[in-house]
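# Examining the three-dimensional arrangement
The primary structure of each chain is shown beneath.
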Amino acid sequence: MVLAQLGGSISRALAQMSNATVIDEKVLNDCLNEISRALLQSDVQFKMVRDMQTNIKRIVNLEALAAGTNKRRIMQQAVFTELCNMLDPGKPSFTPKKGKPSVVMFVGLQGSGKTTTCTKYAYYHQRKGFKPALVCADTFRAGAFDQLKQNATKAKIPFYGSYMESDPVKIAVEGVERFKKENCDLIIVDTSGRHKQEAALFEEMRQVSEATKPDLVIFVMDSSIGQAAFDQAQAFKQSVSVGAVIITKMDGHAKGGGALSAVAATKSPVIFIGTGEHIDEFEVFDVKPFLLQKLSEGSFTLRLMY
Amino acid sequence: VFQSIAGGNTVIGKSDLQPTLKALKDRLMTKKVAEEIAEKLCESVAASLEGKKLGSFTSISSTVQAAMEEAILRILTPGRSIDILRDVYAAKERERPYVIVFVGVNGVGKSTNLAKVAYWLLQHDLSVTLAACDTFRSGAVEQLRTHARRLQIPIFEKGYERDPAVVAKQAIQEATRTKSDVVLVDTAGRMQDNEPLMRALSKLINVNSPDLVVFVGEALVGNDAVDQLTQFNQKLADLSAVPAARLIDGILLSKFDTVDDKVGAALSMVYVSGAPIMFVGCGQSYTDLKKLNVKSIVNTLLK
Ligand SMILES: Nc1nc2c(ncn2[C@@H]2O[C@H](COP(=O)(O)OP(=O)(O)OP(=O)(O)O)[C@@H](O)[C@H]2O)c(=O)[nH]1
Ligand SMILES: Nc1nc2c(ncn2[C@@H]2O[C@H](COP(=O)(O)OP(=O)(O)OP(=O)(O)O)[C@@H](O)[C@H]2O)c(=O)[nH]1
Ligand SMILES: [Mg+2]
Ligand SMILES: [Mg+2]
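The structure displayed is predicted, hence computed values, not measured ones.

### Topic: the packing of aromatic side chains
Taken as a whole, this structure holds twelve aromatic pairs over all chains when the rule is applied. On the numbers, 6.1 Å between centres and 65° between planes, the contact of Phe145 of chain A with Phe159 of chain A is edge-to-face. With Phe145 of chain A in helix H6 (residues 144-155) and Phe159 of chain A in strand E3 (residues 159-160), this residue pair connects regions lying 14 residues apart in the sequence. Taking relative accessible area as the criterion, Phe145 of chain A reaches 11% and is therefore assigned buried. Residue Phe159 of chain A is classed as partly exposed on the basis of its relative accessible area, which comes to 27%. For the ring pair Trp120 of chain B and Phe279 of chain B, a centre distance of 5.2 Å and an interplane angle of 75° mean the geometry is edge-to-face. Of this pair, Trp120 of chain B sits in helix H6 (residues 110-123) while Phe279 of chain B is found in strand E7 (residues 277-281), placing the two residues 159 residues apart along the sequence. The lysine or arginine in question, Arg178 of chain A, covers the ring of Phe179 of chain A, its NZ or CZ lying 5.8 Å from the ring centre.

### Description of the site of ligand 1
Residues and elements named next belong to chain A. The full set close to ligand 1 counts 23 residues, and Lys114, Thr115, Thr116, Arg141 and Glu277 are the nearest of them. A distance of 3.3 Å separates an oxygen atom of ligand 1 from a polar backbone atom of Gly274. When residues in the shell around ligand 1 are grouped by element, the largest group, four residues, is from helix H5 (residues 114-127). Of the residues contributing to the shell around ligand 1, the split by class is two nonpolar, 13 polar and eight charged.

### Here we look at the site of ligand 2
Residues and elements named next belong to chain B. Not every one of the 24 residues close to ligand 2 is listed here, only the nearest: Lys110, Ser111, Thr112, Arg137 and Gln284. Contact between ligand 2 and Val108: an oxygen atom at 3.2 Å from a main-chain N or O atom of the residue. Relative to its unbound accessible area of 650 Å², ligand 2 is 96% covered by the protein chains. Sort the elements by how many residues they give to the shell around ligand 2 and H6 lands first, with five residues.

### Quick word on the interface of chain A and chain B
Every contact between the two is made by 38 residues of chain A and, on the other side, 39 residues of chain B. Taken together, both faces of the contact between chain A and chain B bury some 3200 Å²; the carbon and sulfur share is 49%. Looking only at chain A, the three residues that lose the most surface to chain B are Ala142, His253 and Glu277 of chain A, adding up to 17% of its buried area. Between Arg37 of chain A and Glu39 of chain B there is a salt bridge, with the nearest N and O atoms lying 3.6 Å from each other. Counting every contact that joins chain A to chain B gives 14 residue pairs in polar contact (both at pLDDT 80 or more). Elements that contribute at least two residues to the side of chain A that touches chain B include exactly helix H2 (25-41), H6 and helix H9 (228-239) of chain A. It is H6 of chain A that provides the largest number of residues to the side of chain A that touches chain B, a total of five residues.

Conventions used here
- Sequence positions are assigned chain by chain, starting from 1 and proceeding in written order.
- Here chains are named by letter from A upward and ligands by number from 1 upward, in the order in which they appear as written.
- Reporting of local features is limited, given that this is a predicted model, to residues whose pLDDT is at least 70; pairs of side-chain atoms are given and counted only at 80 or more, and all residues count toward the totals for whole chains, interfaces and linings.
- Note: side-chain values were computed over all heavy atoms of the structure, leaving out hydrogens and water.
- Aromatic pairing here means that ring centres of Phe, Tyr or Trp (its six-membered ring) are within 6.5 Å. Orientation follows from the plane angle: under 30 degrees is stacked, over 60 is edge-to-face, and everything else is tilted.
- The way it works is that DSSP assigns letters per residue, a run of H or I at least four long becomes a helix, a run of E at least two long becomes a strand, and they are numbered from the N terminus.
- Buried means the residue's accessible area, taken with a 1.4 Å probe over protein chains only, is under 20% of the maximum for its type, while exposed means over 50%, and partly exposed covers the values in between.
- For a lysine, the NZ atom is tested; for an arginine, the CZ atom; a charge sits over a ring if that atom is within 6 Å of the ring centre and within 35 degrees of the ring normal.
- A cutoff of 4 Å decides nearness: a residue is near a molecule or strand if any of its heavy atoms lies inside that distance of it.
- Counting of polar contacts relies on pairs of N or O atoms within 3.5 Å, with two restrictions inside protein: one atom must be capable of donating a hydrogen and the other of accepting it, and residues adjacent in sequence are counted only when both atoms are side-chain atoms.
- Note on residue categories: nonpolar means Ala, Val, Leu, Ile, Met, Phe, Trp, Tyr, Cys or Pro, charged means Asp, Glu, Lys or Arg, and polar means any other residue, Gly included.
- Values of accessible area rely on a 1.4 Å probe in the Shrake-Rupley scheme; residue burial ignores everything except the protein chains shown.
- Any two residues having at least one pair of non-hydrogen atoms within 4.5 Å are treated as being in contact.
- Once two parts are joined, some of their accessible surface, as seen by a 1.4 Å probe, is lost; buried area is that loss totalled over both.
- For this analysis, a salt bridge means a side-chain nitrogen from Lys or Arg found within 4 Å of a carboxyl oxygen belonging to Asp or Glu.

Put into structure tokens, the structure is as follows:
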């Protein structure tokens, strides 16, 4: 993904910088340009790249004033911090507790992987001892209920949905009530894919959210998404209280920078990543180790940091 | 400044072009044109202008802008065009169905847009059979069945976990028997670097030699658009068991309604594959299928 290549570019840029005998404004700018280029090639939003560049420059220049500090090291640290900040707003998301009923609602753009990820999420918690259940509040997409039903059946997770009812709010409410009665402690509501250009779709999402009062709204995002990601993610955030993000299709070749920007737009942490179509291809996401590992694939070493 | 406006005999040098091109490249990238393609476009514009005389009363920036517009138009206007309806009639003459296979990565809109294409063909009084060859993803068969029911057209399906190449073969045989004009083959989504799945796709295509292989790519995609298309073509070529492998013939650009002015994926996809954009998907109902409006893409990109 983006970060591996990015790691490489950053290392190269930094190496060039340390080859220079005098580190002046120009050397610093060259280095930053190189890093920005890598970020842009990975779909990180244009404006964010510029902001990041400004931030780094400020940090580096300020700290450089302090005597005897290593600019290269400061650069590395600044880049790392900026990336971390993009992926982690610093406040942890809601986490479901065993035995205490929680409702988790999945939202996102069309085809981003919501339905697949719902089951993965349920399955993950089932193995941890939860009693999950799946509600299909997607009454729009052809075959949506069959998809959820087949996934749930394979994973032996109870599900609720309807072939006849066309009102997603009604189904969501019925499903949530039913599973609360059945003492399920993790009730997962899958919704239709939607996009900000269609206001009616966003209104529907708002209504489902209002009626089911989810403890957590998860925004599911495809890692191959480009710069449109930012605006879309922001629009979702403004309509419902997105509290966490899951990035899917990380098994692909996508550089993931669009997703990176969009995460920043939601001001919510990434909690899991999807790495394949199968139910167990799902990983907990932890920003620092993830960043370190990815960056080091591109030989960006942070030994200087610790 | 005066010189650059009144020009006349000024010869354009590299350094004159740099600032304008840099700005233009940034603009293209904010519209989501892949970085390497924005770069290449700028290089080619620079090459075409360097050493040329600047016309009277034109500025560098408008000259560059015009050259860029022309370059983009050239890319988006396909050298080879495909007239599906004409080709369908030609196949009809030979008493066999015209076969279209839809391919692409996961969730881009293959099945939905396949249904829209079916609707479009029905509008032209052609008969259509759907072939449910995504035998992997949960609900894929039911999804296609729902479309077949709504459009009141036949569907050929064999459930899940079958070899999709075989299902396609049988579907084409069935359509030949029932004298269906067109067979639309739905396939499972797959990542471009998933070798076993790409091999299976190559098999499906080579075994059935469809008339048209359509790559469905979403307008939402970023720089990955380039990689998706390159890899699909590359893998179809490399993993083919037959010498003359079939590659992607045309592109269906989906979810165009979700990207506002960030329309660059269109340019990136055509640029790397040389395949024309045959349809644009712009919504979730059957009528949301359009032809590419080249002029409006150019305007959006350079606006
Ligand atoms: N390779 C890969 N494919 C995935 C992953 N997650 C989901 N998919 C695939 O992406 C496609 C779309 O997934 P869905 O779960 O149907 O997406 P959705 O968001 O529910 O779609 P809509 O309900 O139509 O909006 C399917 O082919 C999934 O198998 C992943 O992590 N890796
Ligand atoms: N807004 C919008 N949504 C679209 C468009 N085309 C498809 N979709 C939606 O995208 C989602 C995925 O569409 P599918 O047709 O199932 O995608 P697919 O490529 O067949 O997915 P897999 O078979 O799982 O790989 C669905 O929710 C569709 O309604 C489009 O042009 N615009
Ligand atoms: Mg779904
Ligand atoms: Mg499909």
